Amino acid sequence: SGKQTDGVSAGGDVVISAKDSTDIIAIAGGLSIAGAAGQGAGSVGGFGACVAVNVIVSTVRATIADSTVDSAGAVSLTASSDALIWTMAIAGAGIGTGAQGGGLVISVGGSGAVNVVKNTTEALIVNSTVTSGNAGAVTLSATDHTDIVANAGGVDVSVAAGSAAGIAGGGSLAVAINIIENDIF
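These figures come from a predicted structure and were not determined experimentally.

In this model, the protein carries an average pLDDT of 89, and 96% of its residues clear a pLDDT of 70 or more. Within the protein, the lowest mean pLDDT, 84, falls on strand β1 (residues 6-10), and the highest, 96, falls on strand β2 (residues 14-20).

With that settled, consider the pattern of salt bridges. Between side chains of opposite charge, a pair can form when the charged atoms approach closely. Applying the stated rule across the entire model yields three salt bridges. Lys19 is the salt-bridge partner of Asp82, the closest N and O atoms lying 3.5 Å from each other. Taken together, the residues Asp82 in strand β6 (residues 75-97) and Lys19 in strand β2 connect sequence positions 63 residues apart. The partly exposed category is assigned to Asp82, whose relative accessible area is 21%. By relative accessible area, Lys19 is classed as exposed at 58%. Close ionic contact of Lys118 with Asp183 constitutes a salt bridge, the shortest N to O distance being 3.0 Å. Separated by 65 residues along the polypeptide, Lys118 in strand β7 (residues 103-126) and Asp183 in strand β11 (residues 183-184) bring together distant segments of the chain. On the basis of relative accessible area, Asp183 is assigned to the partly exposed category, the value being 31%.

What follows deals with the sheet that holds strand β8 (residues 129-132). Taking strand neighbours across the sheet as the criterion, the three strands line up as β1-β5-β8 in an open arrangement whose pairing is parallel. Both outer strands of the open sheet, β1 and β8, are each paired with one neighbouring strand and no more. Strand-to-strand twist across the sheet, computed as the mean angle between neighbouring axes with direction ignored, equals 5 degrees. Note: β1 against strand β5 (residues 67-71), five bridges, orientation parallel. Across the sheet, residue Ser9 finds its bridge partner in β5, namely Asp70.

We now examine the environment of Ala52. Tracing the backbone through its elements, the reader meets Ala52 in strand β4 (residues 42-65). On a C-alpha basis, the gap between Ala52 and Thr97 in space is 31 Å, while along the polypeptide they are 45 residues apart. Apart from the residues within four sequence positions on either side, Ala52 is in contact with Ala28, Thr87, Gly112, Ala113 and Val114.

Time to look at the environment of Arg61. Tracing the sequence through the fold places Arg61 in strand β4. On a C-alpha basis, the gap between Arg61 and Ala79 in space is 5.9 Å, while along the polypeptide they are 18 residues apart. With near-sequence residues (within four places) excluded, Arg61 lies in contact with Ala18 and Glu122. In terms of polar contacts, Arg61 uses its side chain to reach the side chain of Glu122, at 2.5 Å.

Glancing now at the environment of Ala123. Tracing the sequence through the fold places Ala123 in strand β7. Given the relative accessible area of 7%, Ala123 is considered buried. Residues Ala123 and Trp86, spaced 37 residues apart in sequence, show a C-alpha to C-alpha distance of 28 Å. Here Ala123 is in contact with Ala62, Leu77, Ala79, Leu140, Ser141, Ala142 and Phe185, once residues within four sequence places are set aside.

Alignment of β4 against β7, held across 24 bridges, turns out to be parallel. Bridge assignment links Thr59 to a residue of β7, and that residue is Thr120. Relative to strand β10 (residues 166-180), β7 runs parallel, the two sharing 15 bridges. For Gly110, the partnering residue across the bridge sits in β10 and is Leu173. As paired elements, β7 and β11 share two bridges and run parallel to each other. Within β11, the residue paired with Thr121 across the bridge is Ile184.

Calculation notes
Residues numbered from 1 in each chain as written. Predicted model: local features only at pLDDT ≥ 70, side-chain atom pairs only at ≥ 80, totals over all residues. Heavy atoms only, no water. pLDDT = per-residue confidence, 0-100. Helix = DSSP H or I, 4+ residues; strand = E, 2+ residues; numbered from the N terminus. Salt bridge = Lys/Arg side-chain N within 4 Å of Asp/Glu carboxyl O. Buried < 20%, exposed > 50% of the residue type's maximum accessible area, 1.4 Å probe, protein only. Pairing = 2+ DSSP bridges. Axes fitted to C-alpha atoms, helices over the stretch in contact; angles between N-to-C directions. Contact = heavy atoms within 4.5 Å. Polar contact = N/O pair within 3.5 Å; in protein donor to acceptor, adjacent residues only side chain to side chain.

Right, dumping it as structure tokens:
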């Protein structure tokens with residue numbers, strides 16, 4: 001068939017191990033500061049924003065393929081993935097007017113964090129003959145420990161001051177989207 005078959009004979013245990021430990025630590029920030037002053041009416045606006053996007057994609061594989069393994073002891077295949085994303089995204093806006101004729105002030109602060117983990121973790125025996133002696137076990141283990149910690153926040157300050165009426169308004173928005181889509185075999 002054209003396939004090459006490799007053979008291994010071991011006087012003790014056969015241990016195959018694969019591990020991935022990917023960590024992302026991300027800090028993002030944005031700030032907007034504006035002001036207006038004068039004798040007439042003053043208007044001012046501002047927007048502070050930031051976005052943090054983090055992606056981990058990995059494949060961890062412990063495999064015996066197209067082989068013959070003869071062990072005097074146990075045969076163990078272990079694959080593990082330990083992914084961590086820690087994100088802090090904060091944005092803010094500080095706006096003010098001090099016009100004598102009053103003022104209009106609008107400020108908005110917003111932040112977002114998008115975190116995606118797509119890992120495949122496999123411990124496989126494929127098209128192979130594996131034997132263990134002395135009551136040794138053949139074990140396969142695939143584990144995944146994925147953690148996402150996402151912090152997003154927005155702050156804004158709006159001030160309209162003067163001898164006439166002033167209008168101040170503001171808002172903050174924070175969004176965190178976390179997706180974990182892992183396959184373990």
